[in-house]
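The chain contents come next:
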Amino acid sequence: MNSSFFNGVSGIKTQQFGIDVWADNITGVNTPGYKASTPEFSTIFTQQLSNSYLNPTFSDKGLGSRAQATAVDFQQGNTVSTESVYDLAINGSGWFGVVDPTGDKYYTRAGAFNRDAAGFLVDAEGNYVTGTSANNFTNGVVIENPNTSIAFSAPSEQTKIEIPDQLTIPPAATTEVKFSGSLNSEINTAFSAETGQQEEVANVEVYRSSIFDAEGNENPLRITLTKVVPQGNAGTVWNAKAVLTDNESNPISEQEGQISFNERGAIIANTLTSIDNNGVQTALNFGSFYNANEPNSGFDGLVSLNGFESERITTKDGHAKGDVLEYGIDSEGTIIASFDNGQTLPISKVAIYNFQNEKGLQAANPVYFTESANSGQATFYSDAEGNYFQNATISSNKLEMSNINLSTALTELLVMQKAFDASARSITTSDELIQNAINMKQ
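Before going into details, it helps to say that this report is about the structure given with it. (Residues numbered from 1 in each chain as written. Predicted model: local features only at pLDDT ≥ 70, side-chain atom pairs only at ≥ 80, totals over all residues. Heavy atoms only, no water.)

### Focus on the sheet that holds strand S19 (residues 204-212)
Sheets are built from strands paired through backbone hydrogen bonds, the pairs being either parallel or antiparallel. Reading across the sheet, the five strands line up as S19-S20-S21-S22-S23 and stay open at both edges, with antiparallel pairing between neighbours. Each edge of the sheet is formed by a strand with only one pairing partner; in this case those strands are S19 and strand S23 (267-270). With direction set aside, neighbouring strand axes in the sheet form an average angle of 25 degrees. (Pairing = 2+ DSSP bridges. Helix = DSSP H or I, 4+ residues; strand = E, 2+ residues; numbered from the N terminus. Axes fitted to C-alpha atoms, helices over the stretch in contact; angles between N-to-C directions.)

In structure tokens form, the structure reads like this:
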């Protein structure tokens with residue numbers, strides 16, 4: 001009967017531990033990134049009922065229980081939509097990495113991030129979110145020829161992410177303009193008073209665009225193409241004249257040349273290759289020359305066809321000076337700056353860390369974890385060439401909530417309560433039995 005007393009006491013302590021764990025789970029049901037814990041129990045020790053240790057172990061009698069551990073459930077929680085672009089949720093396995101001001105590293109699924117006063121991406125506790133920087137701006141100004149793609153560095157080289165409130169991209173002069181479309185080579189005639197008969201007249205086509213100079217000024221560019229007449233049987237030749245002016249129609253430069261096409265309308269020669277743009281030579285690209293051994297060559301820019309019309313397209317590089325309007329985050333965790341001149345630029349990439357055994361992570365609290373000898377060091381996935389990549393996607397304007405099933409937690413809480421009551425009842429029952437034994441002597 002003495003052992004039943006101690007069994008009851010250990011049962012009360014054990015079930016109280018279970019109640020505490022499940023009650024704590026319930027308190028975290030609305031906490032982003034919260035991971036539920038499950039209480040685990042074990043027997044304190046057992047008493048051998050036989051003098052021979054060769055007998056089966058089912059002859060043992062248990063002598064109480066104790067709290068063994070809590071097992072963390074790392075299953076992904078449901079996601080909810082938010083209004084903040086910096087709220088992030090991981091779709092799949094992996095962890096965000098954060099560093100506190102003292103340099104201690106933690107890993108979390110709670111993606112409620114924001115920019116602090118200094119422009120760094122931080123979590124609600126003020127810890128810095130880590131990732132790989134493009135290193136393409138300094139002191140709020142984008143550097144010349146900035147990196148436009150970000151390759152992950154090693155996990156140990158991840159740094160805090162800066163998202164400046166003020167970011168300026170300097171102007172860049174246009175270095176090339178590409179033209180495509182169809183020039184109508186159909187023969188047109190008109191009555192000539194001089195000869196008294198119908199004569200072929202030159203077709204005239206005009207392309208308009210604009211290009212940026214080194215100061216960011218957008219200057220109008222006009223390309224006038226006049227067909228040489230009479231048209232030859234083996235193809236067509238067009239005189240081309242490029243005129244560049246400023247916004248007040250003052251001339252900047254002019255350049256002339258010829259563009260030749262074969263009988264199929266494919267470009268075969270061009271002498272108008274560039275124009276002076278306030279000291280910068282801007283290339284004029286009318287397409288690649290025809291080569292029978294190269295697919296689509298001669299037809300990827302201007303073509304000269306009889307009666308055929310196609311959409312006229314001009315594309316160019318270069319841009320005016322721009323200031324950042326907003327930031328966005330794509331599915332790979334890349335933070336992209338959008339400028340008021342229409343340009344975009346990736347500046348950083350949020351890292352997703354992985355572990356050989358994530359169940360071995362040490363819980364600092366139900367939201368933050370640290371690596372341990374059991375979990376292994378934080379790693380990134382890599383391909384055969386050793387290039388790191390994300391194994392999961394990231395959703396912006398989303399938060400992963402707790403993975404706690406409230407109905408399960410409440411049910412487990414009731415089970416623990418009944419087990420607590422039963423353990424307490426075993427103590428009172430043992431007390432009654434001892435009292436009866438004492439009364440037998442009287």
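What follows continues from the structure just given.
### Focus: the pairing of strand S24 (residues 274-277)
In S24, alternate side chains face the same way, and those of Ile275 and Asn277 are buried while those of Ser274 and Asp276 on the opposite face are not. The sheet contact formed by S24 and strand S25 (residues 280-285) spans four bridges and is antiparallel. Each bridged residue has a counterpart across the sheet, and for aspartate 276 the counterpart in S25 is glutamine 281. Counted between consecutive antiparallel strands, the loop separating S24 from S25 contains two residues, among which asparagine 278 sits at a positive phi close to 55 degrees. (Buried < 20%, exposed > 50% of the residue type's maximum accessible area, 1.4 Å probe, protein only.)

### Some thoughts on the environment of aspartate 123
The topology assignment puts aspartate 123 in the loop between strand S10 (121-122) and strand S11 (128-133). Of the residues examined, aspartate 123 reaches a relative accessible area of 5% and is grouped as buried. Spatially, the C-alpha atom of aspartate 123 lies 7.9 Å from that of valine 98, the residues being 25 residues apart in sequence. Setting aside chain neighbours within four positions, we find aspartate 123 in contact with Val98, Ala112, Phe113, Val129 and Tyr368. A distance of 2.8 Å separates a polar side-chain atom of aspartate 123 from the backbone nitrogen of asparagine 127. (Contact = heavy atoms within 4.5 Å. Polar contact = N/O pair within 3.5 Å; in protein donor to acceptor, adjacent residues only side chain to side chain.)

### Some thoughts on the side chain of asparagine 203
Structurally, asparagine 203 can be placed in the loop between strand S18 (197-201) and S19. One polar contact links the side chain of asparagine 203 to the main-chain carbonyl oxygen of glutamate 186, over a distance of 2.8 Å. The residues touching asparagine 203, leaving out its near neighbours within four places in the chain, are Asn184, Ser185, Glu186, Asn188, Leu225, Thr226, Lys227 and Trp238.

### So, the pattern of salt bridges
The final tally for this structure, using the stated rule, is seven salt bridges. Salt-bridge contacts for arginine 312 lead to glutamate 205; the nearest nitrogen and oxygen are separated by 2.0 Å. Remark: glutamate 205 occurs in strand S19 and arginine 312 occurs in the loop between strand S26 (302-305) and strand S27 (313-316); sequence separation between them is 107 residues. Overall, glutamate 205 belongs to the buried group, its relative accessible area being 11%. Between glutamate 332 and lysine 349 there is a salt bridge, with its nearest N and O atoms 3.7 Å apart. (Salt bridge = Lys/Arg side-chain N within 4 Å of Asp/Glu carboxyl O.)

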